[in-house]
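So you can see what is in the structure, the chains are spelled out below.
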Amino acid sequence: MVPPPASPSKKEKGSCLLIALIAVFVGIILCAGLLTWVFVLRENGDGPDVDWQNATEIPTTTTSQATVPTMTTQMESTTTTSVEIHKTDATTTMPTSTPEVVTMATSTSTTTEEVTTTTTAQEVVMPVDVASILKEKTKEFEVVEKCAEIQVLPVSCSPSQSPLTSEPSQFQPIHYTLNITIRDIRKPVLEGHMQLFASTKDQVQAIALHAAKIHNMENRDRVHVVNCNTGETICVSRVHQIDEIVYLELAQSISSGVDLRIDIDGFISADSGPHVYKQIPTAKWRVPQMIGSIFEPSSARHVFPSLDLHNQKATFNLCLNHGPSMVAVSNSLINQNVSTSGITCFEKTVPLTAQQLSFVAFEKTNPLFYNTTTLNGAYLPEINMIFNLNAKNFQQYEWIHSEVSKVMSLMSKWSGFSYPLPRLEVVVAPVMAGHSALGVITLPAQAIAYQKHTSTHETLIKEVIGQWMEGVVTTEHTCFEKALIAYLEWKINEELQIVKKTRKMEVSRIRPRNLNETADQLRVIRQVKAQSSNLCSPRFVEVFYTLDETYGQDTVVGMIRVIFDKFAFSTATISDWASAAETAAGGRPEAGAIILEWYRPSSKISRPVLRATVSSNSVEFNQLTEDNWTVPLEISGSAGTQLAVISEKKQTVPFVSTDYVVVDANRKSHAFVVYDADTYLRLIRCFGDSRCPSKEIGGIFSDLGAALLANILPKPENQDVAKWKSVFKFMAQQNLVEGTAACCVEHAIREMRKCSYWDIQDVCTKIDFNTVLAAVA
């Protein structure tokens, strides 16, 4: 029997189901493809460029917050951020107020990581009330306003017969009204007019200004001096220059405490090359035209006459005359009421040193503008990023804003002092190294082009720190500023993990292998002019690590807070920092002493070296350097760890241990510690013993090699010669020293496998310690 044909309704139903399944399958494939394009291709920048002119969102930034393993917490901070992209050309101007943009609230979720520190409650840092901080300077501003209205009267006097001089330090600047005209970008040549308001600290008959190769000042008709107290025009009898100081000799003596106005018309700076960068587009080099300042100590005097010392802060009113198609930025916002086409005038700055003055004029760049916001409770200003690049995909530079924001937020919390200006300008320019002036950060274009390079992020972090440590508070010791910035960069990286480095790793890297070395080629301390003869030694950074490791991890941060509370917009001395360190360390006077001693004029040996002789119930310390040092040192043994403060040339510290005794077992100190021969023999056994209180015995022997090269070890006694040879053989076998130190260790035991002839003759044979050891077979 033939079965009946299938029902037509069932066929149709089966076909519909099949079609539906195919449609669903195709839809899934399309969705998967779309998601892949959005989250993978777009993330890698392989898709088409975003229309940033009409963009209404910015990427969400994820930061990392440290948590304790036993108590995992997740903090969230909401940041309100707006971004606007500007194309600057001949017809555009920089925004000076909050632009009308779409503001998006983005939730920034933090990820968790396991560390051994404890979490603290989020601290809110409110915006700084600059007017309140500078309230006491109101009288100075009143003097400037009244004195600016005094007219110069015609006066005449006979030229002086003998040169009269004074010192720039005898004057305190109050305010600069500065007009700079860019005459020629190619050389470059800058022309200027200036009114400098200053007060005298001593009785003088000549005004001393820093001016290096500034032309047109020798003409007395271009220089006028007004006594602001009496309204009198003082005759300038002669203008002469010695080295980098110009002297304006006066026809009368001026007593201390007198306010003066110095008018200088038409000075020309034709030697500003190292202090002003430039960029000129060519047919093959299609880049924006740009000219800007990059001042370091003693740079400003090459551009305009000034009082250019670290403790000479004053406010500035700057007007910059440039090409009509160019736009300019400086330390403060543009004053729209005064600025016209080709002339940009800026609002009055907060008190700055002359080297902190900054200006940039440019055209046809690609700025990104970010509105005022907050991050983790800290105020962030407007941030304007000016790219010296023909960039199309701006999203690839979002990381700059993200990192700047994170570092600014952390610096605000650490200093207890929020960023004091309404805007930060970040300029990517044709410079060799980064530079920071309050309100303007200049980044090298080549570095920004390579985001994956560690040095790129290190440079950015240091320049942001410089907004506080060189911009708001200035220190008379330049190397102190540079060293503290370097240390804070390490500390910030430990907190934010932007770059994988630790403070311990960095201190170990710069710890000298030869105590006679005062500087090396390590790029530790931020320096623009590496060819300068006054290089800052990397050793200057170590003292901050000692403070934190000895007195608590918040010691340096606490020291900074004390300084900002007392010296914002002014200058702190090394003594001020020492006092702040003592306060931050809980009133420990030795904390301040090590700051004072570490930054005193260096002698032949630039750090403390102590010899520790261990006995059954004490440790005797002898300082081997000519200078006396105050050194906090931890002594570790079977009974635990004891902190001792060594401040005398010879000092005995009671200490009992039934086992090994190690001084500075965790290598926290900036001092080098060497031992007697018997202790080194015990440390050889400690090297492989789990009961040893130190895991860094190799470093202890490495310090011995450094002290040997410095020829600072006392000659060994005859009965100890065999012991020292055993110690040196161990060092050679374990490769605990390297380079010339390794050669001299082998020379002492007469096994010169690694020695070069020149090392032996020039170094090893001249070491007193080696002379004794090498003489014995």
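Numbering of residues starts from 1 in each chain and follows the order in which that chain's sequence is written. For a predicted model such as this one, the threshold for reporting local features is a pLDDT of at least 70, and the threshold for listing and counting side-chain atom pairs is 80 or more; totals across whole chains, interfaces and linings nevertheless cover every residue. Values reported for side chains reflect all heavy atoms of the structure, with hydrogen atoms and water molecules removed beforehand.

**Student:** I'm lost on the side chain of Glu 382 in this one. Help?
**Tutor:** Along the chain, Glu 382 turns up in strand S24 (residues 382-387). N or O atoms within 3.5 Å of each other form a polar contact, as long as, within protein, one can give a hydrogen and the other can take it, and as long as residues adjacent in sequence are counted only when both atoms are side-chain atoms. A distance of 3.0 Å separates polar atoms of two side chains, one belonging to Glu 382 and the other to Arg 423. Think of it this way: any DSSP run of H or I at least four residues long counts as a helix, any run of E at least two long counts as a strand, and we number them from the N terminus.

**Student:** Just to check I follow, could you spell out the packing of aromatic side chains for this structure?
**Tutor:** We describe a pair of aromatic rings using the distance from one ring centre to the other and the angle between the two ring planes. Pairing of aromatic rings covers Phe, Tyr and the six-membered ring of Trp, with a centre-to-centre limit of 6.5 Å; geometry is then stacked below 30 degrees between planes, edge-to-face above 60, and tilted otherwise. In total, this model carries 23 aromatic pairs according to the counting rule given. Pairing Tyr 176 with Phe 304 gives two aromatic rings, centres 6.0 Å apart and planes at 85 degrees, and the pair type is edge-to-face. Of this pair, Tyr 176 sits in strand S6 (residues 171-184) while Phe 304 is found in the loop between strand S16 (289-293) and strand S17 (315-321), placing the two residues 128 residues apart along the sequence. Considered together, Tyr 176 and Phe 304 belong to a single accessibility category, that of buried residues. Joined through ring pairs, the aromatic side chains of Tyr 675, Tyr 680, Phe 687, Phe 701, Trp 724, Phe 728, Phe 730 and Phe 769 make up one cluster. Here Lys 348 stacks its cationic end above the ring of Phe 141, 3.8 Å away from the centre of that ring. A cation sits over an aromatic face here: Arg 600 above Trp 629, 4.4 Å from the ring centre. In this scheme, a residue with accessible area under 20% of its type's maximum is buried, one over 50% is exposed, and one in between is partly exposed, where area comes from a 1.4 Å probe on protein chains only. Over a ring means this: the NZ of a Lys or the CZ of an Arg is within 6 Å of the ring centre and within 35 degrees of the ring normal.

**Student:** What's the story with the state of the cysteines in this structure? I'm lost.
**Tutor:** One covalent bond between the sulfur atoms of two cysteine residues makes up a disulfide. Here, the term disulfide refers to a pair of cysteine sulfur atoms separated by no more than 2.5 Å. Evaluation of the coordinates by the stated rule reveals six disulfides. Across a sulfur-sulfur distance of 1.9 Å, Cys 147 and Cys 228 are joined as a disulfide pair. Measuring the twist about the S-S bond at about -65 degrees, one finds the Cys 147-Cys 228 disulfide to be left-handed. On the criterion of sequence distance, the pair formed by Cys 147 in helix H3 (residues 138-148) and Cys 228 in the loop between strand S10 (223-227) and strand S11 (233-234) is long-range, its members being 81 residues apart. Grouping residues by exposure puts Cys 147 and Cys 228 together as buried. With its sulfur 2.1 Å from that of its partner, Cys 479 forms a disulfide with Cys 536. Here Cys 479 and Cys 536 share a disulfide; its torsion about the S-S bond, -85 degrees, makes the bridge left-handed. In this pair, Cys 479 sits in helix H7 (residues 478-496) while Cys 536 sits in the loop between helix H8 (503-510) and helix H9 (542-551), placing the two residues 57 residues apart along the sequence. No difference in accessibility class separates Cys 479 from Cys 536, as the two residues are buried.

**Student:** In this structure, what is going on with the sheet that holds S16? I would like to understand it.
**Tutor:** Hydrogen bonds along the backbone pair up the strands of a sheet, which may run parallel or antiparallel. DSSP bridges decide pairing: two strands pair if at least two such bridges lie between them. Taken in spatial order, the four strands of this open sheet run S15-S16-S20-S18, and their pairing is antiparallel. Each having just a single partner strand, strand S15 (276-279) and strand S18 (327-330) make up the two edges of the open sheet. The average undirected angle you get between the axes of adjacent strands in this sheet is 10 degrees. Of the strand pairs in this sheet, S15 and S16 are connected by four bridges, and their pairing is antiparallel. When the sheet's bridge partners are listed, Lys 278 is paired in S16 with Ile 291. Convention adopted: a line fitted to C-alpha atoms gives each axis, helices being fitted over their contacting stretch, and angles between N-to-C directions are expressed from 0 to 180 degrees.

**Student:** Hey, could you run me through the pattern of salt bridges in this one?
**Tutor:** A side chain with one charge can pair with a side chain of the opposite charge if their charged atoms come near. The salt bridge criterion pairs a side-chain nitrogen of Lys or Arg with a carboxyl oxygen of Asp or Glu, the two atoms within 4 Å. For the coordinates displayed, the defined rule picks out 31 salt bridges. Between Asp 548 and Lys 491 there is a salt bridge, with its nearest N and O atoms 2.9 Å apart. Of this pair, Asp 548 sits in helix H9 while Lys 491 sits in helix H7, and the two are 57 residues apart along the sequence. Summarising the burial analysis for this pair, Asp 548 and Lys 491 share the class buried. Overlapping salt bridges bring together Glu 458, Lys 462, Glu 489, Lys 501, Glu 506 and Arg 509 as one network.

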